[in-house]
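Next come the chains, spelled out residue by residue.
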Amino acid sequence: TLRTPEHFVDWIAKNRKRRGEIVCRTDRHVPLHFGGLSYAKDPVDSEFVELFSTHGPHANIFDQAGFHKVFPTAGEMHRLAEAA
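The structure contained in this document is the topic of the report that follows. From a predicted model like this one, the values you see are computed outputs, not experimental measurements. (Residues numbered from 1 in each chain as written. Predicted model: local features only at pLDDT ≥ 70, side-chain atom pairs only at ≥ 80, totals over all residues. Heavy atoms only, no water.)

**Focus on the overall build of the protein**
Stage number 1. Across its full length, the protein carries three helices and two strands.
Stage number 2. In the protein, the succession of helices and strands from N to C terminus is α-β-β-α-α.
Stage number 3. Relative to its length of 84 residues, the protein is extended, with a C-alpha radius of gyration of 21 Å against a globular reference of 12 Å.
Stage number 4. When each of the 84 residues of the protein is scored for burial, the buried share is 12%.
Stage number 5. Contacts spanning at least 24 positions in sequence make up 20% of the contacts within the protein whose residues lie at least 6 apart.
Stage number 6. Approximately 7,400 Å² of the protein is accessible, and the part contributed by carbon and sulfur atoms is 58%.
Stage number 7. Of the side chains in the protein, 11 bear a positive and 11 a negative charge, and the two mean positions are spaced by 14 Å. (Helix = DSSP H or I, 4+ residues; strand = E, 2+ residues; numbered from the N terminus. Rg over C-alpha atoms; globule rule 2.2 N^0.38 Å. Buried < 20%, exposed > 50% of the residue type's maximum accessible area, 1.4 Å probe, protein only. Contact = heavy atoms within 4.5 Å. Areas by Shrake-Rupley, 256 points an atom, 1.4 Å probe, with all protein chains shown as cover. Lys, Arg positive; Asp, Glu negative; His and termini not counted. Charge placed at Lys NZ, Arg CZ, Asp CG, Glu CD.)

Written out as structure tokens, the structure is:
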């Protein structure tokens, strides 16, 4: 996403010495994956928990349960710290 795509196209056209064109897309061409690492005493045992993705079988569905696995509540964090 560019703030002023016209300036970018002008720059490309000038440097490549050929015409440029702005193309608008309404889909996300590059997949977006959002998540975090699950908590484990040993960081080596942590794993990536995907919470949201723009592609694949769970596209555009936010994983609320996974969110709580990655971001525990303050009370859970306190209990985890005491147990460590």
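That shown, we press on.
**What about the side chain of Ser53?**
Stage number 1. Within the fold, Ser53 resides in strand 2 (residues 48–53).
Stage number 2. Engagement of the side chain of Ser53 in a polar contact is seen with the side chain of His33, the distance being 3.3 Å.
Stage number 3. In this structure Ser53 touches Leu32, His33, His58, Ala59 and Asn60, once residues within four positions along its chain are discounted. (Polar contact = N/O pair within 3.5 Å; in protein donor to acceptor, adjacent residues only side chain to side chain.)

**Concerning the packing of aromatic side chains**
Stage number 1. Under the criterion given, the structure shown has three aromatic pairs.
Stage number 2. Between Phe62 and Phe67 the ring centres are 5.9 Å apart and the planes differ by 50°, which places this aromatic pair in the tilted class.
Stage number 3. The partly exposed category is assigned to Phe62, whose relative accessible area is 40%.
Stage number 4. Ring centres of Phe67 and Phe71 lie 5.0 Å apart, and the angle between their planes is 40°; this geometry places the pair in the tilted category. (Phe/Tyr/Trp six-rings, centres within 6.5 Å; stacked < 30°, edge-to-face > 60°.)

**Focus on the environment of Ala81**
Stage number 1. Here Ala81 shows up in helix 3 (residues 74–83).
Stage number 2. Under the relative-accessibility criterion, Ala81 is labelled exposed at 54%.
Stage number 3. Here the alpha-carbon distance between Ala81 and Arg28, two residues 53 residues apart in the chain, equals 40 Å.

**Some words on a nonpolar patch on the surface**
Stage number 1. Taken together, Leu2, Phe8 and Trp11 make up a surface patch of nonpolar side chains, about 340 Å² in accessible area.
Stage number 2. With respect to the helices and strands, the residue Trp11 is situated in helix 1 (residues 5–16). (Patch = residues over 30% accessible without salt bridge, like charges linked within 9 Å, V, L, I, M, F, W, Y side chains within 5 Å. Salt bridge = Lys/Arg side-chain N within 4 Å of Asp/Glu carboxyl O.)

**Digging into helix 1**
Stage number 1. The first and last C-alpha atoms of helix 1 sit 16 Å apart over twelve residues, in line with the 16 Å expected at 1.5 Å per residue.
Stage number 2. At the exit of helix 1 stands Lys17, carrying a positive phi of roughly 55°. (Expected span 1.5 Å × (residues − 1).)

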